[in-house]
Amino acid sequence: MIPDQDFIKKQDIPGPTKEEVRCLVMCKSQVSSKDVVVDAGCGTGGLTLEFARRAKKVYAIDKNPDAIKVTRLNLQKHHLEGNVHLIEGNAPQILNEIPDFDILMIGGSSGELPSIIEKGYQKLKDNGRIMVTAILLETRVEAVKAMSDLGLVVDVIDVSISKGRIIERGTMLEARNPVTIISAHR
Ligand code: SAH
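Rules used in this analysis
- Residues numbered from 1 in each chain as written.
- Predicted model: local features only at pLDDT ≥ 70, side-chain atom pairs only at ≥ 80, totals over all residues.
- Heavy atoms only, no water.
- Buried < 20%, exposed > 50% of the residue type's maximum accessible area, 1.4 Å probe, protein only.
- Helix = DSSP H or I, 4+ residues; strand = E, 2+ residues; numbered from the N terminus.
- Contact = heavy atoms within 4.5 Å.
- Near = heavy atom within 4 Å.
- Polar contact = N/O pair within 3.5 Å; in protein donor to acceptor, adjacent residues only side chain to side chain.
- Areas by Shrake-Rupley, 256 points an atom, 1.4 Å probe, with all protein chains shown as cover.
- 1 Å grid on protein atoms, 1.4 Å probe; cavity = no way out; pocket = protein on both sides within 12 Å on 5 of 7 lines; lining within 4 Å.
- Sits in = over half its atoms within 2 Å of the grid points.
- Nonpolar A, V, L, I, M, F, W, Y, C, P; charged D, E, K, R; others polar.
- Core = buried A, V, L, I, M, F, W, Y, C linked by side-chain atoms within 4.5 Å.
- Axes fitted to C-alpha atoms, helices over the stretch in contact; angles between N-to-C directions.
- Parallel < 35°, antiparallel > 145°, perpendicular 65-115°, else oblique.
- Left-handed = near helix turned anticlockwise from the far one by under 90°.
- Pairing = 2+ DSSP bridges.

### Here we look at helix H2 (residues 46–54)
No. 1: Counting buried residues in H2 gives seven out of nine residues, a clear majority hidden from the surface.
No. 2: For H2, the complete set of buried residues consists of Gly 46, Leu 47, Thr 48, Leu 49, Glu 50, Phe 51 and Ala 52.
No. 3: As for H2, its buried residues are in contact with helix H1 (19–29), strand E1 (36–40), strand E2 (57–62), helix H3 (65–77), strand E3 (84–88) and strand E4 (101–106).

Shown next as structure tokens:
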């Protein structure tokens, strides 16, 4: 995994997804070198870069041009731009315009989660996977519902991690925000 501090950050752009959570997303997605991946809501590029190292091709989508810019900078910094297509736009529309894929990772949706999941499912190859990383309560519920409505078996894990920080008296554990990873297989 790429250490958190090795990402270029831009003000107001969320991410990168913390290293330990990226690790679980990679595991759960079972990404391989044959896979075409879509990262819908790429933010800082935390997950885009990890997928770029492991997949055949990655489409990274964000509606915020600054997110596209910072993801590009991070790809360049880590020499990973070769197999990544960066696309500025709203995920539901862009999903209609790209070829079928093996993994759909949804990192941001701004109220469009059901439509992103539905559209994504239509373009998901056999044995494809859909994943959502949720920080909002509402996103967790919406993701489970949208996947269940498609008849999928939903896998939910909630990740609460504390990271040790060395201080004078010892190691202090600092809690990080919980993230829920919701996923399903086609
Ligand atoms: N996983 C990323 C962080 C994602 S932050 C990382 O590790 O760096 C969520 C992003 O989703 C934001 O940049 C936001 O602009 C984007 N987003 C939210 N709704 C969207 C939509 N409907 N279409 C495209 N991008 C969207």
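### Some words on the environment of Tyr 121
No. 1: As for its position among the elements, Tyr 121 is in helix H5 (residues 113–122).
No. 2: On the basis of relative accessible area, Tyr 121 is assigned to the buried category, the value being 19%.
No. 3: Residues contacting Tyr 121, with those up to four places away along its chain left out, are Ile 130, Leu 150, Leu 152 and Arg 186.

### Overview of the site of the ligand
No. 1: Taken together, 22 residues are adjacent to the ligand, and Thr 17, Asp 62, Asn 90, Ala 91 and Ser 110 come closest.
No. 2: A distance of 2.9 Å is found between a nitrogen atom of the ligand and a backbone nitrogen or oxygen belonging to Ala 91.
No. 3: Contact distances for the ligand include 3.3 Å between a nitrogen atom and a backbone N or O atom of Ser 109.
No. 4: Notes on the ligand: free accessible area 580 Å², of which the protein chains cover 91%.
No. 5: Among the detected pockets, the ligand sits in the largest pocket.
No. 6: Of the residues that constitute the shell around the ligand, the class distribution is six nonpolar, 14 polar and two charged.

### So, the nonpolar core
Soluble globular proteins tend to bury their nonpolar side chains together.
No. 1: Core analysis: the largest hydrophobic core is formed by 26 residues, its most contacted members being Leu 104 and Val 132.
No. 2: Elements represented by at least two residues in this core include exactly E1, E2, helix H4 (91–97), E4, H5, strand E5 (124–134), helix H6 (137–149) and strand E9 (179–185).
No. 3: If we skip the residues at most four places from it in the chain, Leu 104 touches Val 38, Ala 40, Leu 95, Ile 116, Gly 120, Leu 124, Arg 129, Ile 130 and Met 131.
No. 4: Ranked by size, the runner-up nonpolar core spans 25 residues in total, among them Ala 52, Val 58, Val 159 and Ile 181.

### Points about the packing of H2 against H3
No. 1: Contact geometry for H2 and H3: axes closest at 9 Å, N-to-C directions at 40 degrees. Considering their axes alone, H2 and H3 lie oblique with respect to each other. Between H2 and H3 lies a crossing whose hand is right-handed. Taking contact as the criterion, the partners of Thr 48, Leu 49 and Ala 52 in H2 are, on H3, Thr 71, Asn 74 and Leu 75.
No. 2: When its residues are assigned to classes, the contact of H2 with H3 shows three nonpolar, three polar and no charged.

### Here's the deal with the sheet that holds E3
No. 1: Judged by pairing direction, the sheet is mixed, and its seven strands sit side by side in the order E3-E2-E1-E4-E5-E9-E6 without closing on themselves. The outermost strands of the open sheet, each flanked by one partner alone, are E3 and strand E6 (154–159). Pairwise comparison of adjacent strand axes, ignoring direction, gives a mean angle of 15 degrees for this sheet.
No. 2: Here E4 runs beside E5; their pairing, made up of five bridges, is parallel. When the bridges of E5 are listed, Leu 104 appears paired with Ile 130.
No. 3: Most of the contacts of H5 go to E5, to which it runs at about 160 degrees, and overall it touches E4 and E5.

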